[in-house]
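# Structural overview for review
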Amino acid sequence: MVADQWTGISEELRYEIGDSNHKNWIAPLECLGITDGVVRFRAPSRFVGDWVKRTYHDQIFARLQTLACDVSRMEFIVGDPTPRAAVAAPATSKAAQGDDLQGAPLDGKYHFDNFVVGKPNELAHAAARRVAEAGPVTFNPLFLYGGVGLGKTHLMHAIAWELKAKRPDLQVLYLSAEQFMYRFVQALRDREIMDFKNLFRSVDVLMVDDVQFIAGKDSTQEEFFHTFNALVDQNKQIVISADRAPGEIKDLEARISSRMQCGLVVDLHPTNYELRLGILQRKAAQFAQSYGSIKIDDGVFEFLAHRITTNVRVLEGALQRLFAFSSLIGQEVTLDMVQDCLSDMLRSSERRVTVEEIQRKVAEHFNIRLSDMLGPKRTRTIARPRQIAMYLSKEMTSRSLPEIGRRFGGRDHTTILHGVRKVVEMRTQDTQLNEDIELLRRLLES
Ligand code: ADP
Ligand code: MG
């Protein structure tokens, strides 16, 4: 019935808001009817739906209420217009209701079967699998934490996919903490906070990624805490990820972090060599499907697994580049090609040298005691090596001059600067010194 009267309302609105606004925002809406007091519209895009809700909500709503029937709210779903005959069905189907529940899109590549399991992530993987079985909730929440690129998001998406396949009856909501905040703020602004609360309390499984994001954002934290508690009380499963353990997230309220620790807290450890090798082999098989099979010389994977230790995303990027390059020039992947093609990545993931290692090596090389290198003596046989160590520290580490100064027995940064300049100057005149420095650098890099 409402759908029939919509034409009339729409025409009235035309007078009120003008032809062009009407054409842009109101005309594209399709009124799908009313169920349980909720009037549903189909909008051609989320943007149009949001815009209408924000801009014309009150005008539309007031008119709907005059239509005698009990209208409690409006809802916008997104999709192509359906043939008239089919309109009634989707309006009440799960998919239509689920629209508001849409979380972030899930990546089609993040499934359990392409997650490589090794020592560093086996516990996190096992816990994620358990949650994906959707059996009785045994730990709540599951809190996954670990550094960047270690597979937290991958595991969360895998849980969501698995649940969607096995238990389509469950409402599974995955989103980042940032999106949670965005929705919350939007709901506050649009005075739809009750809708927001109802929505989040109606899910069966809630997954919030990168929760460290809400630390310090007080009202969002507060709302998150209430949502969290309400779901736990209903025995609904919650999965959270963060870049560090709950207790280590700065500016996260203590009561939240302690609630987080009530469930199962598992960390994804940095990858080890075996895991990296396994991931490379698995990803290579995947890439071969899109690039065609490419011959990869022995030792290439081993080399990469040794050298690129930062995170899995970088490892993946390296392999991707090798495949792209090799298929372009039609050659197999050799170790030489790897060095050429990935020189930038290899450089940035070179082993980090510390000031302490530099001091030790330099002292050893010039046959002086480490305590002298750090101490006050200013004789040339000691001062010279000390300056070389200062120079190498500046060149090979990312430490600042004051930081280096502190590591050289609490010297002032100007002393370090002086030492560095002195060595730069000497290098131009003294070939022996130059060779010494190059030798030391190679020793330290290996
Ligand atoms: P995080 O969310 O922890 O920062 P992601 O889940 O986004 O990390 O992982 C980064 C990339 O590395 C993704 O492409 C993911 O598929 C891949 N990855 C991470 N760990 C693994 C693993 N164990 N097996 C397969 N791919 C992995
Ligand atoms: Mg992530």
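From a predicted model like this one, the values you see are computed outputs, not experimental measurements.

On to the overall build of the protein chain, then. The secondary structure content of the protein chain amounts to 22 helices and eight strands. Relative to the compact-globule value of 22 Å for 446 residues, the protein chain shows a C-alpha radius of gyration of 31 Å, a clear excess of over 25%. Projecting the C-alpha coordinates of the protein chain onto the three principal axes gives extents of approximately 100 × 50 × 50 Å. Element-wise, carbon and sulfur atoms account for 51% of the exposed surface of the protein chain, whose accessible area totals about 23100 Å². Looking at charge distribution, the protein chain has the averaged site of its 58 positive side-chain charges lying 6 Å from that of its 59 negative ones.

Further remarks concern the UniProt feature "binding site: ATP" (unreviewed entry) in the protein chain. UniProt feature "binding site: ATP" (unreviewed entry): in the numbering of this structure it lies at Gly149, Gly151, Lys152 and Thr153. Checked against the element boundaries, Gly151 lands in the loop between strand 4 (142–146) and helix 7 (152–166). Judged by relative accessible area, which is 17%, Gly151 ranks as buried. Relative to the assigned elements, Thr153 resides in helix 7.

In the vicinity of ligand 1 lie 18 residues, with Val116, Gly149, Thr153, His154 and Arg313 positioned nearest. The separation between an oxygen atom of ligand 1 and a polar main-chain atom of Gly151 is 3.1 Å. About the coverage of ligand 1: the protein hides 95% of its 550 Å² of free accessible area. Broken down by secondary-structure element, the contributors of at least two residues to the shell around ligand 1 are helix 7, helix 12 (273–291) and helix 14 (312–329).

Looking now at the domain arrangement of the protein chain. Domain boundaries in the protein chain define domain 1 (2–78), domain 2 (112–267), domain 3 (273–348) and domain 4 (355–445). Using only C-alpha atoms to locate each centre, domain 1 and domain 3 end up separated by 54 Å.

Turning to the nonpolar core, a few remarks are in order. Core analysis: the biggest nonpolar cluster contains 30 residues, and Phe143, Phe200, Leu206, Val208, Val211, Phe224 and Ile240 have the highest contact counts within it. Elements with a minimum of two residues in this core: strand 4, strand 5 (172–176), helix 8 (177–189), helix 9 (193–201), strand 6 (205–209), helix 10 (218–233), strand 7 (237–242) and helix 11 (254–260). By residue number, the principal contributor to this core is helix 10, which donates five residues. Contact partners of Phe143, with chain neighbours within four places excluded, come to Val211, Ile240, Ala242, Arg244, Ala245, Pro246, Ile249, Met260, Leu264, Val265 and Val266.

This paragraph deals with the sheet that holds strand 1 (residues 30–35). Here three strands make up an open sheet; going across it, the order is 1-2-3 and the pairing mixed. Each edge of the open sheet is held by one strand with a lone partner, namely strand 1 and strand 3 (73–78). Neighbour-to-neighbour, the strand axes of this sheet turn through a mean angle of 25 degrees, independent of strand direction. Looking at chain direction, strand 1 and strand 2 (residues 38–43) are connected through five bridges and run antiparallel. Note that in strand 2 the partner of Cys31 across the bridge is Phe41. Sheet contacts for helix 1 (residues 2–17): strand 1 and strand 2; angle to strand 1, the most-contacted strand, approximately 135 degrees.

Okay, the UniProt feature "domain: AAA+ ATPase" (unreviewed entry) in the protein chain next. In this structure's numbering, the residues bearing the UniProt feature "domain: AAA+ ATPase" (unreviewed entry) are residues 138–268. With 46% helix and 20% strand, residues 138–268 has its two end C-alpha atoms placed 20 Å apart.

Moving on: the packing of aromatic side chains. In this structure the tally under the stated criterion is 13 aromatic pairs. When the centroid spacing of 5.0 Å and the interplanar angle of 20 degrees are considered together, the rings of Trp25 and Trp51 count as stacked. Placement of Trp25 in helix 2 (residues 19–26) and of Trp51 in helix 3 (residues 46–65) is noted, with a sequence separation of 26 residues between them. Using a relative accessible area of 14% as the deciding quantity, one classes Trp25 as buried.

Another aspect to go through is the packing of helix 2 against helix 3. When two helices pack together, you describe them by how their axes are tilted relative to each other and by the distance separating the axes. Relative to each other, helix 2 and helix 3 sit at 125 degrees, their axes nearing to 10 Å. In terms of their interaxial angle, helix 2 and helix 3 are classed as oblique. Contacts from Asn21, Trp25 and Ile26 of helix 2 reach helix 3 at Phe47, Val48, Trp51, Val52, Tyr56 and Ile60. Here the residues of the contact of helix 2 with helix 3 are counted per class, giving eight nonpolar, one polar and no charged.

Let us look at helix 19 (residues 380–396). With 17 residues, helix 19 extends 24 Å between its outermost C-alpha atoms, agreeing within 8% with the 24 Å of an ideal straight helix rising 1.5 Å per residue. Among the 17 residues in helix 19, 13 count as buried, and that is most of the element.

Let us now look at the sheet that holds strand 4. Strand order in the open sheet formed by five strands is 5-6-7-4-8, with parallel pairing between adjacent strands. At either margin of the open sheet sits one strand with a lone partner, and together these are strand 5 and strand 8 (264–268). For this sheet, the mean angle separating the axes of adjacent strands, direction not counted, is 15 degrees. Sheet topology places strand 5 next to strand 6; five bridges connect them, and they run parallel. Across the sheet, Tyr174 pairs through a bridge with Met207, a residue of strand 6.

Definitions and cut-offs
Residues numbered from 1 in each chain as written. Chains lettered and ligands numbered in written order. Predicted model: local features only at pLDDT ≥ 70, side-chain atom pairs only at ≥ 80, totals over all residues. Heavy atoms only, no water. Helix = DSSP H or I, 4+ residues; strand = E, 2+ residues; numbered from the N terminus. Rg over C-alpha atoms; globule rule 2.2 N^0.38 Å. Areas by Shrake-Rupley, 256 points an atom, 1.4 Å probe, with all protein chains shown as cover. Lys, Arg positive; Asp, Glu negative; His and termini not counted. Charge placed at Lys NZ, Arg CZ, Asp CG, Glu CD. UniProt positions renumbered as here; feature names shortened; annotations may be inferred. Buried < 20%, exposed > 50% of the residue type's maximum accessible area, 1.4 Å probe, protein only. Near = heavy atom within 4 Å. Polar contact = N/O pair within 3.5 Å; in protein donor to acceptor, adjacent residues only side chain to side chain. Domains from an automatic or database assignment. Core = buried A, V, L, I, M, F, W, Y, C linked by side-chain atoms within 4.5 Å. Contact = heavy atoms within 4.5 Å. Pairing = 2+ DSSP bridges. Axes fitted to C-alpha atoms, helices over the stretch in contact; angles between N-to-C directions. Phe/Tyr/Trp six-rings, centres within 6.5 Å; stacked < 30°, edge-to-face > 60°. Parallel < 35°, antiparallel > 145°, perpendicular 65-115°, else oblique. Nonpolar A, V, L, I, M, F, W, Y, C, P; charged D, E, K, R; others polar. Expected span 1.5 Å × (residues − 1).

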